[in-house]
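# Commentary on secondary and tertiary structure
Single-letter residue listing:
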Amino acid sequence: DFSKAMSQAGTSQFQEVIRQELEYSMKVELDKILATAHSNELEHTKKDLEGFKKLFHRFLQEKGPSVDWGKIQRPPEDSIQPYEKIKARGLPDNIASVLNKLVVVKLNGGLGTSMGCKGPKSLIGVRNENTFLDLTVQQIEHLNKSYNTDVPLVLMNSFNTDDDTKKILQKYSHSRVKIYTFNQSRYPRINKETLLPIAKDVSYSGENTECWYPPGHGDIYASFYNSGLLDNLIGEGKEYIFVSNIDNLGATVDLYILNHLMNPPNGKRCEFVMEVTNKTRADVKGGTLTQYENKLRLVEIAQVPKAHVDEFKSVSKFKIFNTNNLWIALSAIKRLQEKNAIDMEIIVNPKTLDGGLNVIQLETAVGAAIKSFENSLGINVPRSRFLPVKTTSDLLLVMSNLYSLNAGSLTMSEKREFPTVPLVKLGSSFTKVQDYLRRFESIPDMLELDHLTVSGDVTFGKNVSLKVSV
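Residues numbered from 1 in each chain as written. Predicted model: local features only at pLDDT ≥ 70, side-chain atom pairs only at ≥ 80, totals over all residues. Heavy atoms only, no water.

With that settled, the discussion passes to unusual backbone geometry. If a residue is not glycine, its phi is most likely negative; likewise, a peptide bond is most likely trans. Residues other than glycine seldom take positive phi values, yet Glu129 does so here, at roughly 70°. Summarising the element assignment, Glu129 is placed in the loop between strand E4 (125-127) and strand E5 (130-131). Overall, the relative accessible area of 77% leaves Glu129 in the exposed class. Unusually for a residue other than glycine, Ala407 sits at a positive phi of about 50°. Along the chain, Ala407 turns up in the loop between strand E19 (403-406) and strand E20 (409-412). (Helix = DSSP H or I, 4+ residues; strand = E, 2+ residues; numbered from the N terminus. Buried < 20%, exposed > 50% of the residue type's maximum accessible area, 1.4 Å probe, protein only.)

What follows is the structure, encoded as structure tokens:
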């Protein structure tokens, strides 16, 4: 036993030495990169690399899945409220004054590459020539006109989407929505073998575009704070942000949830609300809310020990998943950011670059911070609040007569007899948006469709109706 203990101590000492050497080598490389920055970009590059260094330090410290499966418990009954109960409270007369405390934040860092598009995903046309961004602006403008309020829109861009988005924003200069942007951090990709950055200088154009990445939407807390926008909005009397992915067309401002936040029935305000919805067979990989060490905690599939992955995917044990529609108190973000107290698990994302080099990206997810906030709550919302467009199969659904469009919001058509969405699987000939559009002379009538599978190079003529299983 003694020799075993000694060898373990030796191993951990050896690992500690390796860790320190890796951190030192990383620091040397990052200092070299920083030395290439011009004076006008020095400050924000320094902040980015500091944030990266912290994440890299944690990456070296933590090993294996980050949850102890034995500690996972079902959330207590009252920690996830049914939406019906929150809606049943109704709305106060002064809903406008409540709305004036809100800011809408859209996560706009993603490119449309998975759908074969260049540039920001938010600029893909989704419905009657309207893009994701058009629909978002229309929704908020409708809100501001209806209630005579001033709800601003904030876009979290990445270095990939910032220029293109800013050019487009000029077209909304006369709309009744103040639009602000800030950029998420820019972190260096790491060579998988050497664990050193592949970037040699700060530039990110030309052949250097592949050296950098935006580190996931968990970066919102630090970059929002660092941009100065967080303080400005608090100064204007704003109290909550509603955060969602720009490609989730179901994520509209919900007045009942906002009222619940601002006027809680027990008098104690929530700092963080996560909208969850019931899992279907299509959602088995989505993150779920659990109780862990007396706190609500988001558990993602990547954190689950291999032996328990099937259990995690079970629809009977874990019935809900995170929609990534989140309501967060601005003052709480400021407090936690200043104490460096926002704790999010690291997601290690392996990638292979065009030239065949294997790299890793260290990322975090915005919802994982739920455990750092006080008095968090899950709200089990209707499925209609989760309508993401990740593929052209999703795009076909939202372009069809299953939905009607009103003031930027999509609602399920009353003519559909049951409220579930058909399962659509378009084959590889439809992956890219332009190929998809070329294959439909007009979008089929899908009101009575349950299931569509298309394989091979198929085109659809005009006035096609799809019913039941096709």
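What follows covers helix H6 (residues 162-169). Within H6, burial applies to Asp162, Thr165 and Leu169. Buried residues of H6, viewed axially, fall in a sector of 70°; they line one side. Opposite the packed face of H6, turned more than 90 degrees from it, sit the exposed residues Asp163 and Lys167. Close packing links the buried residues of H6 with strand E3 (102-108), helix H5 (132-147), strand E6 (153-157) and strand E7 (179-183). (Arc of directions from axis to C-beta. Contact = heavy atoms within 4.5 Å.)

Here we come to the environment of Gly112. By the element assignment, Gly112 lies in the loop between E3 and E4. Look at Gly112 and you get buried, because its relative accessible area is 1%. In this structure, the C-alpha to C-alpha distance between Gly112 and Ser158, residues 46 residues apart in sequence, is 13 Å.

Considering all chains together, one arrives at three cavities of 30 Å³ or more under this definition. Lining the largest cavity, in full, are Lys106, Phe132, Leu135, Thr136, Gln139, Asn245, Ile246, Asn248, Leu249, Ala251 and Thr252. By residue number, the principal contributor to the lining of the largest cavity is H5, which donates four residues. The residue inventory of the lining of the largest cavity, partitioned by class, reads five nonpolar, five polar and one charged. Of the volumes computed, that of the second largest cavity is approximately 40 Å³. As for the second largest cavity, its lining consists of Leu298, Glu300, Gln303, Glu345, Ile347, Ala365 and Ala368. For the lining of the second largest cavity, the residue count by class is four nonpolar, one polar and two charged. (1 Å grid on protein atoms, 1.4 Å probe; cavity = no way out; pocket = protein on both sides within 12 Å on 5 of 7 lines; lining within 4 Å. Points joined across faces, edges and corners; volume = space filled by probe spheres on them. Nonpolar A, V, L, I, M, F, W, Y, C, P; charged D, E, K, R; others polar.)

Before going further, it helps to spend a moment on the pattern of salt bridges. For the structure on display, the rule yields 27 salt bridges. Across the pair Lys371 and Asp343 runs a salt bridge whose closest N-O atoms are separated by 3.8 Å. Of this pair, Lys371 sits in the loop between strand E17 (358-363) and strand E18 (376-380) while Asp343 sits in the loop between helix H11 (330-338) and strand E16 (347-352), placing them 28 residues apart in sequence. Taking relative accessible area as the criterion, Lys371 reaches 13% and is therefore assigned buried. Salt bridges sharing partners connect three or more residues here, namely Arg58, Glu62, Arg297, Asp343, Glu345 and Lys371. (Salt bridge = Lys/Arg side-chain N within 4 Å of Asp/Glu carboxyl O.)

Here we come to the packing of aromatic side chains. Aromatic ring pairs are reported here in terms of the distance separating the ring centres and the angle at which the planes meet. Evaluated as defined, the whole model comprises 15 aromatic pairs. Judged by centre distance (5.9 Å) and plane angle (55°), the ring pair of Phe430 and Phe440 falls under tilted. Here Phe430, found in the loop between strand E21 (423-426) and helix H13 (433-438), pairs with Phe440, found in the loop between H13 and strand E22 (445-454); they are 10 residues apart in sequence, far enough to count as distant. With respect to class, Phe430 is no different from Phe440; both count as buried. Linked through ring pairs, Phe52, Phe56, Phe59, Tyr187 and Tyr213 together constitute an aromatic cluster. Over the ring of Phe312 we find Lys279, and its NZ or CZ is 5.3 Å from the ring centre. Positioned over the ring face of Phe430 is Arg439, at 5.7 Å from the centre of the ring. (Phe/Tyr/Trp six-rings, centres within 6.5 Å; stacked < 30°, edge-to-face > 60°. Lys NZ or Arg CZ within 6 Å of the ring centre and 35° of its normal.)

The next subject is the sheet that holds strand E14 (residues 295-299). Reading across the sheet, the three strands line up as E1-E13-E14 and stay open at both edges, with antiparallel pairing between neighbours. Of all the strands in the sheet, the pair left with one neighbour each is strand E1 (72-73) and E14. (Pairing = 2+ DSSP bridges.)

Attention now moves to the UniProt feature "binding site: substrate" (unreviewed entry) in the protein. In the UniProt entry, the feature "binding site: substrate" (unreviewed entry) is given for His217. For His217, the location among the structural elements is in the loop between strand E10 (212-213) and helix H7 (220-226). The residues touching His217, leaving out its near neighbours within four places in the chain, are Leu107, Met156, Asn245, Asn324, Thr364, Ala365 and Val366. Within the structure, the side chain of His217 is placed 3.4 Å from the side chain of Asn324, a separation counted as a polar contact. (UniProt positions renumbered as here; feature names shortened; annotations may be inferred. Polar contact = N/O pair within 3.5 Å; in protein donor to acceptor, adjacent residues only side chain to side chain.)

What follows covers the UniProt feature "binding site: UTP" (unreviewed entry) in the protein. As recorded in UniProt, the feature "binding site: UTP" (unreviewed entry) lies at Lys121, Gln184, Gly216, Asp247 and Lys390. Tracing the sequence through the fold places Lys121 in the loop between E3 and E4. Not counting the four nearest positions on each side in its chain, Lys121 is found in contact with Gly110, Leu111, Gly112, Met115, Phe132, Asp247, Val389 and Lys390. Mapped onto the elements, Asp247 comes out in the loop between strand E11 (240-245) and helix H9 (255-262). Look at Asp247 and you get buried, because its relative accessible area is 7%. Setting aside its immediate chain neighbours within four residues, Asp247 contacts Lys121, Phe132, Leu387, Pro388, Val389 and Lys390. In terms of polar contacts, Asp247 uses its side chain to reach the side chain of Lys121, at 2.8 Å.

Below, the discussion takes up the nonpolar core. Of all hydrophobic cores here, the largest spans 97 residues; its most connected members are Ile220 and Tyr221. When residues of this core are assigned to their parent elements, the largest contribution, six residues, is made by H5. Two domains share this core, each providing at least three of its residues, namely domain 2 (69-385) and domain 3 (392-469). Setting aside residues up to four positions removed in sequence, Tyr221 forms contacts with Phe272, Ile328, Ile333, Gln337, Ile342, Met344, Val366, Ala369 and Phe373. Formed by 26 residues, the second largest nonpolar core is a distinct cluster that contains Phe159, Val202, Trp212 and Val359. (Core = buried A, V, L, I, M, F, W, Y, C linked by side-chain atoms within 4.5 Å. Domains from an automatic or database assignment.)

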